[in-house]
Structures are given as structure tokens and as C-alpha cells.
Amino acid sequence: MKPYYLILFWSFFILPQWVFAQAESHDFLRNTGKIYVVVGVVLILFLGIIIYLVRLERKIRKIENLLNNE
Amino acid sequence: MIRLKWWQWLTVFILAYVILAGFLIPLKPGIYSYTPQRVKGGQVIIIDIHTYNTRLLSSTDHSAYLKYEDYHLSADGIDIHSANHLAARFNIPGVLPEDSKSIRASIIINNPVDGYFLYPDALFIEGSELSPTIPGPRWEKGDMPALSKNNAFRFPYRHILYETIRNTFFHVAIWMAMFLILIVSLFYSFKYLTAGDLVYDQLSSSYTGVAIVYGTIGLATGSLWAKYTWGTFWTSDIKLNMTAVAMLIYIAYWVLRASIKAVDSRARISAVYNIFAFAALIPLVFVVPRLTDSLHPGNGGNPALGGEDLDNTLRAVFYPAIAGLALLGHWMAHLTFRMKRIREKIESAN
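For clarity, every value in this text was computed on a predicted model and none was experimentally measured.

Procedures and definitions
Residues numbered from 1 in each chain as written. Chains lettered and ligands numbered in written order. Predicted model: local features only at pLDDT ≥ 70, side-chain atom pairs only at ≥ 80, totals over all residues. Helix = DSSP H or I, 4+ residues; strand = E, 2+ residues; numbered from the N terminus. Rg over C-alpha atoms; globule rule 2.2 N^0.38 Å. Buried ≥ 20, exposed ≤ 12 C-beta atoms within 10 Å, placed from the backbone. Contact = placed C-beta atoms within 7 Å. Pairing = 2+ DSSP bridges. Axes fitted to C-alpha atoms, helices over the stretch in contact; angles between N-to-C directions. Parallel < 35°, antiparallel > 145°, perpendicular 65-115°, else oblique. Left-handed = near helix turned anticlockwise from the far one by under 90°. Nonpolar A, V, L, I, M, F, W, Y, C, P; charged D, E, K, R; others polar. Expected span 1.5 Å × (residues − 1). Arc of directions from axis to C-beta.

### Here's the deal with the overall build of chain B
Here is step 1: For chain B, the helix and strand inventory stands at six helices and ten strands.
Here is step 2: The C-alpha atoms of chain B give a radius of gyration of 28 Å, which is well past the 20 Å a tight globule of 350 residues would have.
Here is step 3: Along the three orthogonal principal directions, the C-alpha set of chain B runs to about 100 × 50 × 30 Å.
Here is step 4: A total of 350 residues make up chain B; the buried ones form 36% of that total.

### Looking at the environment of alanine 246 of chain B
Residue and element names in this part refer to chain B.
Here is step 1: Mapping alanine 246 onto the fold places it in helix H4 (residues 238-259).
Here is step 2: The exposure class assigned to alanine 246 is partly exposed, which follows from the 19 C-beta atoms found within 10 Å.
Here is step 3: Through-space distance from the C-alpha of alanine 246 to that of aspartate 79 is 55 Å; in sequence the pair is 167 residues apart.
Here is step 4: With residues near it in sequence (within four places) discarded, alanine 246 still touches Ala280, Leu281, Leu284 and Val285.

### Remarks on the sheet that holds strand S8 (residues 102-111) of chain B
Here is step 1: Spatial strand order, S2-S9-S8-S4-S5-S10 (chain B): six strands in an open sheet with mixed pairing. At either margin of the open sheet sits one strand with a lone partner, and together these are strand S2 (38-40) and strand S10 (140-141) of chain B.

### A look at the packing of helix H2 (residues 171-195) of chain B against helix H6 (residues 312-349) of chain B
Residue and element names in this part refer to chain B.
Here is step 1: One can describe the packing of H2 onto H6 by two numbers: an axis separation of 8 Å at closest approach and a directional angle of 50°. Between H2 and H6, the interaxial angle falls into the category oblique. The chirality of how H2 crosses H6 is right-handed. Facing H2, whose interface residues are Ala173, Ile174, Met176, Ala177, Leu180 and Ile181, H6 presents Phe318, Ala321, Ile322, Leu325, Ala326, Gly329 and Ala333.
Here is step 2: Of the residues that constitute the contact of H2 with H6, the class distribution is twelve nonpolar, one polar and no charged.

### Observations concerning the interface of chain B and chain A
Here is step 1: The partner chain A presents 20 residues to the 24 residues of chain B that form the contact.
Here is step 2: At eight residues, the largest contribution of residues to the side of chain B that touches chain A is made by helix H3 (residues 198-229) of chain B.
Here is step 3: Residues that form the side of chain B that touches chain A fall into these classes: 15 nonpolar, six polar and three charged.

### Some details on helix H1 (residues 6-24) of chain B
For an α-helix, the turn length of 3.6 residues means that residues three or four places apart are oriented alike.
Residues and elements named next belong to chain B.
Here is step 1: Between its first and last C-alpha, H1 extends 27 Å over 19 residues, near the 27 Å set by a 1.5 Å rise per residue.
Here is step 2: For H1, the complete set of buried residues consists of Thr11, Ile14, Val18 and Gly22. Down the axis, H1 shows its buried residues gathered within 75° of arc, on one side only. Residues of H1 that are exposed and point more than 90 degrees away from the buried face comprise Trp6, Trp9, Ala16, Leu20 and Leu24.
Here is step 3: Buried-residue contacts for H1 involve H6.

This is the structure in C-alpha cells:
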């Protein structure tokens, strides 16, 4: 596993769990003035843009394949 | 050094500002909860109050009031338990202002450090049979004693919303950015129909693609926000359903494009469709929700974004957020446009 995959893995799976473990409340998202709802909203926004970029990446790869086949 | 155009740097800068300011500027102080919720007049009661974002221990000069229309009642004593917890003792007369049977009084807390803050229409007070001739505290009519003001740059504190008022910069702003992007797309559709150059079709469809992504993000973020303010992921709120309809119209645009193989007719039909879709979107999202009840601000008799829902502190982040997300959308659309341009060149060369 390359090091940056490891960093990605950390930031997506381990970090949130570590943060969630800090919260003792039953309903994590309602904690501290519902600030984690805002975090969730920003994550969805980020994810939406990433999905757009991944789709664009796939289309560009198809074009690259076209070029290579010539 | 990465070579970016000035507006791309501007996008990065604005979005960094929006995320930093949007998360780091604290909320104004406010009252989080109070017990008891309802009391009977003619007795001394102690109200236990939990506050939010306050520094009660930093001040010694506290005052608390109950307020009903022109009348107010001062607290006899205040005990500070912690920075965000206090108890106020009120000697509530049996006779309520203007001989009302029951009232809802606002709770106001005031100190020089936090300024004053309140819970509107909070405490439910019932009148009691005590005769008005019995001497005791009375509701005072007229101006309140001078309250301290704290003019620190902070976002408004709203009940139920609390910190989620920051979603204005993300959920609301992405809708506004989507409209700006759709207007650009509409412009290029007109341009295609008048000039007939395929470049305009590629531009128009790229912008619409980003707008659909933004709209989907808008629905998903709104759904999460609704869960924690209105109680469910999807309410039968008119604005939600009409927006979903508008989104389906735009998704149909994508299906329509994919179904036509001939380049010219695909461009012409989708340009016309895009104009009609925009013409349907405006009444669906802006007009219909105003005609009936809606939970959204600015609809069904709710005040529009304004007043305390969007004060100047929120504006200072909200407007840049719209600009930043619109610029980011422009950037994304432009990448897709360039990809389409290259693909067309390669396909025509083959």
C-alpha cells in the first residue's frame, strides 16, 4: 500500500471513528449545538464534487485510450 | 508553481475564506433551555437556565427579566452555577398584566460581558385567584432598564437551528450558485439557437451538468439539515417536492441528450429543452412554494431571508459563499467543456 493511500484510509475511516469515540452522548449529531450537522453538510458537498471529478476523470481516460489506439 | 488563472485563484481564496469564517466565527450568546416550562402566578419560582456561548463567570453584574408586551418583571436574585448555567428567582404576582388568564413571557438575561440575550415567548404563566389588593411585586409597564449590548462579530443564535445556521453558507449558497450556473447555461442555449455553433451546445450542456450535481448536493444537504431541525429526512414541504420535480426535469434533459445520436439535432433539441426547463424551474421553486404553506423562509407567509434569518454577519460569509461556489461550478463546467472539445476534435479526425 502506497503511503498516500494510507493517509486517505486514515482520514476517511480511522479519524471519524476517533472523533466519534470522543463524544459520549447518545446522539452525536445533536451534540454541541448540532455543529456536526454542518460538518455532515460540508462532507456531502465535498463528496458531490469528488463524484463529479471522478466521472470527468473516466471520460478523459476514454479520450486518452482513443489517442493511444491511433 | 501551479499555473492558474486569476479567477481560479480567487475561487480557492474565497472558498477558503468561507470555510474558515463559516466555521470559526462563534454564535451570539443565547438561552439553550429553561425549567420549569410553566408556572402559576402568586408564588416565588426559581428558573433553572442553561445558556449557550456565554461567559457568565466573567461578570458579576447580572440581571434577568420576564417580559410580556410592554410589561416586565425583574428577578429578585440570580445564582451563577457555571459559565453556561444560572438560576434566576422571580416573585411572580398572581395578577397578570391586563388581567390576562395566562401569558407567555420572554426570558431576558443581561450582563456587561455577554450583552443581553433572550428566549422569546418562553415561560407559560397562569394567573391565580389572589386578589389584586394583596401587596406584592407588580408587573411594571413601560421601558425596560438599560440593557448592555455586545457588538462582537458573531452569527445569530436561533432556537432549534443553533450552529446549523452555518448551513446558510453551504446548503443555501449552493442553490443560489446553481441558479447562476443555470442562467449561464440558458445564455449559451440561446446563443446556440441564434448562432448555431456547436461550441455553444458543448458549453451549455457542461454548465447544466454542473447545475444538476449542485442541485443533487442541495437536496442531499437539505435532507440532512431537515432531519435535525424538522425531524425527518424528507417532509411533504411544498418547496422540497417542487424542487425534486424541477430536478427530475433536468435529469430528463440528460436522458434526452443521451437518446439522440445525431449531433446537430441533439444540440438543437436540448437547447430548446433547456430553455423550457428553466422556464419551469422558476415558478416551481420560487412561485408555487409562496402560494401555500412551507417550512422554508420566504414561503407561505414566512419572512424571506432577511431580518434575523440573514443579518449582516451572515451576509459577510453568505454572499462570498455564493460567489465561491458559482466560480467553482464555472471551473468544473469549463473542465468538462474542454474535455468535450478535445473529444469532438479527436472523433472528427478519426
